[in-house]
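# Survey of secondary and tertiary structure
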Amino acid sequence: MKVLVIGNGGREHALAWKLAQSPLVKTVYVAPGNAGTYREPKVENVPIDPLHFEELVEFVKVQQINFTVVGPEAPLVAGIVDYFTQRNLPCLGPTKDAAQLEGSKVFSKAFMERHNIPTARARVFNSLEAAQQYLAECAYPIVIKADGLAAGKGVVIAKDKTEAEGTVVDMLSHKRFGLAGDQIIIEDFLEGEEVSFIVLCDGEHYVPLATSQDHKARDDGDKGPNTGGMGAYSPAPLVSPHLHDEILATVIEPTLKGLSQEGYPFKGFLYAGLMISPKEEIKVLEYNCRFGDPETQPILMRLASDFAQMCLDALNGTLNTYVAEWDPNYALGVVLAAAGYPDEVKKGDVCPTLNDIAPSKVYKIFHAGTKIEEGRILTNGGRVLCVTALGETLQDAQTKAYRIVKKVAWDGVFYRSDIGYKALGKN
Ligand code: AMP
Ligand code: GLY
């Protein structure tokens, strides 16, 4: 079988690596991929932009690709699945309508309210004056979110009125996020611990994936600006069997049922970003219509059953027959970013020592912003690598991951040194 993965991040490297392990799969193509996918056995990069649907379809037809898996949100929100489906080409992901759950925070907030899915109280604004009036009377900290896609940068937690006013002016008047910030949401700040809960759906059935937790803040101790994610681990010890059942019953099932009722049955990876309060109350912070990055890396490190079969069952509507098996070990991934991330970063630094690290079942170096030039691996983006390791305990996985991190670090690297800190002691 031939499979196409769309995207070029750490998530897509992990997707391609895991698909390539399936005996069903002969070749995995990645459009456009990175230096990691370039070097992966059974995997080939294809220089096509994820938003150039016509070129992608042409490639799929010529190469007789059996199915496509979409990594990032941008092509999903732009309707890649509809485009492929209209041409009878199997493509795993939600339709444009269902992808609104991630594409519009105003849509997802209203959806949650319609279906009684627990979330923070929020108001929507498109006028600066009305937003400012609201800021004069609300309690702080408060959370301000741009409606549309903003590459993980569209959420600001304002500690006081001055910061909040600056943020709404930035979004609504200065158009910091362009059209994505035409509408904003101002919502109550929630206390607690975050969990990433991801399920794979076939439009009717779903399979919960192993639990995970991400670290969205840039700096140690969850300080600093929000990023796409600085590291993740799986499983999340916070999610007890009881909490797991509660999440399915109060979030996942009503979401899937609500989408079906509204005429948008969900196929693909559904990601609920949850806040769990100290009293174990669950609230949805956001939905993503795709697998998480960097959550995919530790989750897929632990998947012991055939991932290609899982994707095929999701495409065929037979996920009820799929049994997901998980390695009982913990997996922990540390993101190595370029200095300056999540703002402008320097590209073109050499990652010098990757060739010296022997392949191993215990760890894997997933690439994100990298490219190959004259045989050298160069940095090519904000998040560059995600070093992921397996261990019998979370502590063990953390120790192993950081041992490799120290070996692959280059001049100009930036990473958190405390990935996993919240859960250590819980496992
Ligand atoms: P989102 O893209 O909506 O998940 O927001 C990005 C990050 O901002 C989340 O992962 C949380 O860390 C934080 N965040 C979002 N909404 C809230 C909230 N209502 N209360 C506290 N933190 C939040
Ligand atoms: N790790 C957060 C995300 O994928 O959005």
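Residues numbered from 1 in each chain as written. Chains lettered and ligands numbered in written order. Predicted model: local features only at pLDDT ≥ 70, side-chain atom pairs only at ≥ 80, totals over all residues. Heavy atoms only, no water.

### As for the site of ligand 2
Close to ligand 2 lie D214, K216, G228, Y271, N288, R290, G292, D293, P294 and E295. Side-chain polar atom of D214 to a nitrogen atom of ligand 2: 2.7 Å apart, as the coordinates give it. N288 places a side-chain nitrogen or oxygen 3.2 Å from an oxygen atom of ligand 2. Looking at the shell around ligand 2 residue by residue, the classes come out as two nonpolar, three polar and five charged. (Near = heavy atom within 4 Å. Polar contact = N/O pair within 3.5 Å; in protein donor to acceptor, adjacent residues only side chain to side chain. Nonpolar A, V, L, I, M, F, W, Y, C, P; charged D, E, K, R; others polar.)

### Focus on the packing of aromatic side chains
For the structure on display, the rule yields 10 aromatic pairs. Between F107 and F111, the aromatic rings sit 6.3 Å apart at their centres with planes inclined by 15°, giving stacked as the arrangement. With F107 and F111 both in helix α7 (residues 105-114) and four residues apart, the pair spans about one turn of that helix. Judged by relative accessible area, F107 falls into the buried class, the value being 15%. (Phe/Tyr/Trp six-rings, centres within 6.5 Å; stacked < 30°, edge-to-face > 60°. Helix = DSSP H or I, 4+ residues; strand = E, 2+ residues; numbered from the N terminus. Buried < 20%, exposed > 50% of the residue type's maximum accessible area, 1.4 Å probe, protein only.)

### Concerning the site of ligand 1
Surrounding ligand 1, one finds 15 residues, the nearest of these being E187, L190, E194, K216 and E286. Within the side chain of E194, a nitrogen or oxygen atom sits 2.3 Å from an oxygen atom of ligand 1. In the complex, the protein chains occlude 93% of the 470 Å² of accessible area that ligand 1 would expose alone. When residues of the shell around ligand 1 are traced back to their parent elements, those giving at least two are β7 (142-146), β8 (155-158), β9 (184-188) and β17 (282-288). Looking at the shell around ligand 1 residue by residue, the classes come out as seven nonpolar, one polar and seven charged. (Areas by Shrake-Rupley, 256 points an atom, 1.4 Å probe, with all protein chains shown as cover.)

### Points about the packing of helix α8 (residues 128-137) against helix α9 (residues 161-173)
Packing of α8 against α9 brings their axes to within 10 Å, and their N-to-C directions diverge by 165°. The angle between α8 and α9 falls in the class roughly antiparallel. Here α8 and α9 pass one another in a crossing that is right-handed. Mapping the contact onto sequence places L128, A131, Q132, L135 and A136 in α8 and K161, A164, E165, V168, V169, L172 and S173 in α9. Looking at the contact of α8 with α9 residue by residue, the class counts come to eight nonpolar, two polar and two charged. (Axes fitted to C-alpha atoms, helices over the stretch in contact; angles between N-to-C directions. Parallel < 35°, antiparallel > 145°, perpendicular 65-115°, else oblique. Left-handed = near helix turned anticlockwise from the far one by under 90°. Contact = heavy atoms within 4.5 Å.)

### So, α9
In this model, α9 (13 residues) spans 17 Å end to end at C-alpha, consistent with the 18 Å of a helix rising 1.5 Å per residue. Where α9 is concerned, the buried positions are A164, T167, V168, M171 and L172. For α9, the arc enclosing every buried residue in end-on projection is 110°, short of the 170-degree limit, so these residues lie on one face. Buried residues in α9 make contact with β6 (122-125), α8, β7, β8 and β9. Capping the start of α9 is the job of one residue whose side-chain oxygen sits 3.3 Å from the backbone nitrogen of T162: D160. Following α9 by one or two positions, K175 adopts a phi angle in the positive range, close to 55°. (Expected span 1.5 Å × (residues − 1). Arc of directions from axis to C-beta.)

### Structural notes on the state of the cysteines
Enumeration according to the criterion identifies zero disulfides in this entry. Sulfur of C311: no disulfide; nearest cysteine sulfur belongs to C91 and is 11 Å away. Cysteine C351 remains unbridged, with the sulfur of C386 as its closest cysteine sulfur at 14 Å. The class of C351 is buried, set by a relative accessible area of 4%. (Disulfide = S-S within 2.5 Å.)

### Quick look at the sheet that holds strand β16 (residues 267-276)
With respect to topology, four strands assemble into an open sheet ordered β11-β10-β16-β17, the strand pairing being antiparallel. Two strands close off the open sheet at either side, each with one partner strand: β11 (206-208) and β17. The mean inter-strand angle of the sheet, taken between neighbouring strand axes irrespective of direction, is 30°. (Pairing = 2+ DSSP bridges.)

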